[in-house]
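# Chains, contacts and geometry: an overview
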Amino acid sequence: MGSNVLQYVKSIDKIHNFEALAGISFEKYARRTTYIEATNFPNEDFQYITSAATIRAASAYALDRGMTSYFGQFKYNYMYKYIFTLTARADGSSKFGENNRFGYFPAGSFAWRISEESFMKNSAVISDLKLRTSVGLTGNDGISDFASLGLYDGGYNYNQQAGIAPTQLPNPDLKWETTLQTGLGFDLGMFDDRISLIADLYYNRTSDLLLERPLSLSSGFTTITANIGEMENKGVELVLNTDNLKGEFSWTTSLNFSANRNKVIKMYNGQPITDQGRGNNWVMEDEPIGVFVGYVCLGVDPTTGNLVYEDLNNDGSITTDDREIIGNPNPDFTLGFTNTFGYKGFDFSFFLHSIYGNDIFNGTRIYIEGPTDLDNQTTNVLRRWQKPGDVTDIPKIGDDLKSSRFIENGSFLRIKNVTLGYTLPKDFLRKIYMKSARIYVSGQNLYTFTTYSGMDPEV
């Protein structure tokens, strides 16, 4: 790995300030793995493979991967009030096809420090105010090595003759996944920055998503890595910091809030990626990524004790055509809240963490609430259906259909961390030739407020 950077900085009367940077970097990753396993050594004194009577297994593996990048940046600010930044980079990855090895990612930003303007400098309330906006492209090469190549592998032998077979289809047009990122925000400081607020709005549009495109089984393969989709992410992020008390007794607070909405815009021929993961997560057009798709469970039939599912197409039977979206794993918002107190060397802090509005597929219940299963059961099975007329939500026999029965509210508020500490006085420490020392006790994940019945809602 290596890099070379050239930088130029120039200031004219501290009014016009310039900064330019250009560089090149390259990296190479190489791995060689050899494994051999043998048995039947003469005795324990012979510890090398050459002394073994039987070579039981042997394998070798090699991987070479490379990346070359060219990048540049230009900054200009006028009296540190108006700040312009332009950047550009070109990244070439060996993971992509020969037709699209390089990706090009320009970006630009502008910031206006309003607090430096003459009409704001004498404000008794606002100590800092800056507006920011940015737009740019970023790239993603998060795919397996050699994904663009047609691969063959040995070991497909027949009649004691060595053979090879294709293991991957080529895609020379495979290219970088790109995201157009746009943002607008401001930084606000009040009362000598005792109150500070950072706010950001963003809208990101990702194109040429790197996904496994389904193929017809007649091709001999099930998927091929391709650029097949688009999606969007938009949201808001807020960070509020306050110095509530200063002096011998101090108290600071930090609050962060974020809300994100994502939606899949386009898939290959509108074809969804289905049945992913334990909860039947789908990736489909016009929906958030990873929605749960399954059957709508209407409850337990008090006459038979069997589970009843909604027949959406009214054809008289429950089939895969009766599945619909039954949950969304994406939260409405996340929240973090920290308070720190200090008094005469003592310090105390606690951190609360919350996620609200997401659904969780509690697949464990398929096994621990199936009364005829061999797995350990929860006490919920004690109220299972046992005779006609019983009204309950636990059937007489479990059912492993992925249904709304196992979708639960994943919202929670967790006491993430609590710490109590004491910093020893410096006068005392000098006497024992120490510079600093602090004694503390800390607890993690002390309690979680949630209605989720599983082990941990923070999945």
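Residues numbered from 1 in each chain as written. Predicted model: local features only at pLDDT ≥ 70, side-chain atom pairs only at ≥ 80, totals over all residues. Heavy atoms only, no water.

## Side note on unusual backbone geometry
Within the chain, Lys14 stands out as a residue other than glycine whose phi angle is a positive 55°. Structurally, the position occupied by Lys14 is in the loop between strand E1 (2-12) and strand E2 (16-39). One non-glycine residue, Phe146, adopts positive backbone phi at about 65°. (Helix = DSSP H or I, 4+ residues; strand = E, 2+ residues; numbered from the N terminus.)

## So, the nonpolar core
If you look at soluble globular proteins, the nonpolar side chains tend to sit buried side by side. Counting 8 residues, the largest nonpolar core consists of Met67, Phe96, Phe105, Ile143, Ala147, Leu174, Trp176 and Leu210. With near-sequence residues (within four places) excluded, Phe105 lies in contact with Thr87, Ala88, Arg89, Asp91, Leu137, Thr138, Gly139, Trp176 and Thr178. Of all hydrophobic cores here, the second largest spans 7 residues; its members include Phe292, Ile326, Phe406 and Ile407. (Core = buried A, V, L, I, M, F, W, Y, C linked by side-chain atoms within 4.5 Å. Buried < 20%, exposed > 50% of the residue type's maximum accessible area, 1.4 Å probe, protein only. Contact = heavy atoms within 4.5 Å.)

## Looking at the packing of aromatic side chains
For the structure shown, the criterion picks out 22 aromatic pairs. Ring centres 6.4 Å apart and planes at 55° place the aromatic pair Phe249 and Tyr343 in the tilted group. Pair noted here: Phe249 is in strand E14 (residues 249-266) and Tyr343 is in strand E21 (residues 333-343), with a separation of 94 residues, a long-range link. Here Phe249 falls in the partly exposed class, since its relative accessible area comes to 38%. Aromatic pair Phe361 and Phe406: ring centres 6.0 Å apart, planes at 70°, arrangement edge-to-face. Pair noted here: Phe361 is in strand E23 (residues 359-361) and Phe406 is in the loop between helix H1 (365-368) and strand E24 (407-409), with a separation of 45 residues, a long-range link. With respect to burial, Phe361 and Phe406 carry one shared label: buried. Every member of this aromatic cluster is reached through a ring pair, and the members are Phe249, Trp251, Phe337, Phe341, Tyr343, Phe348 and Phe350. Across the ring face of Tyr29, the terminal group of Arg65 is positioned such that the distance to the ring centre comes to 4.6 Å. The ring of Phe412 has Arg414 sitting right over it, with the charged end atom 5.6 Å from the ring centre. (Phe/Tyr/Trp six-rings, centres within 6.5 Å; stacked < 30°, edge-to-face > 60°. Lys NZ or Arg CZ within 6 Å of the ring centre and 35° of its normal.)

## Looking at the side chain of Lys95
For Lys95, the location among the structural elements is in the loop between strand E4 (82-93) and strand E5 (102-113). Buried charged residue Lys95 carries no salt bridge. Nearest counter-charge: Asp141, at 4.5 Å. Polar contacts involving the side chain of Lys95 include one to the main-chain carbonyl oxygen of Asp141, which spans 3.2 Å. Among the polar contacts made by the side chain of Lys95, one reaches the main-chain carbonyl oxygen of Ile143 at a distance of 2.9 Å. Excluding residues that lie within four positions of it along the chain, Lys95 makes contacts with Arg65, Asp141, Ile143, Ser144, Asp145, Ala147, Ser148 and Leu174. (Lys, Arg positive; Asp, Glu negative; His and termini not counted. Salt bridge = Lys/Arg side-chain N within 4 Å of Asp/Glu carboxyl O. Polar contact = N/O pair within 3.5 Å; in protein donor to acceptor, adjacent residues only side chain to side chain.)

## Here's the deal with the pattern of salt bridges
Counted under the stated rule, the structure contains 24 salt bridges. Across the pair Glu117 and Lys81 runs a salt bridge whose closest N-O atoms are separated by 3.5 Å. Taken together, the positions of Glu117 in the loop between E5 and strand E6 (126-140) and Lys81 in the loop between strand E3 (54-78) and E4 put the pair 36 residues apart, joining distant regions of the chain. Taken individually, Glu117 and Lys81 each receive the classification buried, so the pair is uniform in this respect. The partner of Glu408 in a salt bridge is Arg365, and the shortest N-O contact between them spans 3.1 Å. Remark: Arg365 occurs in helix H1 and Glu408 occurs in strand E24; sequence separation between them is 43 residues. Exposure remark for Arg365: the relative accessible area of 12% places this residue in the buried category. Salt bridges here are not isolated pairs; linked through shared partners, they connect Arg365, Glu369, Arg405 and Glu408.

## Remarks on the side chain of Ser148
For Ser148, the location among the structural elements is in the loop between E6 and strand E7 (151-154). The exposure class of Ser148 is buried, given its relative accessible area of 5%.

Read these as layout, nothing more, since geometry by itself doesn't imply function.
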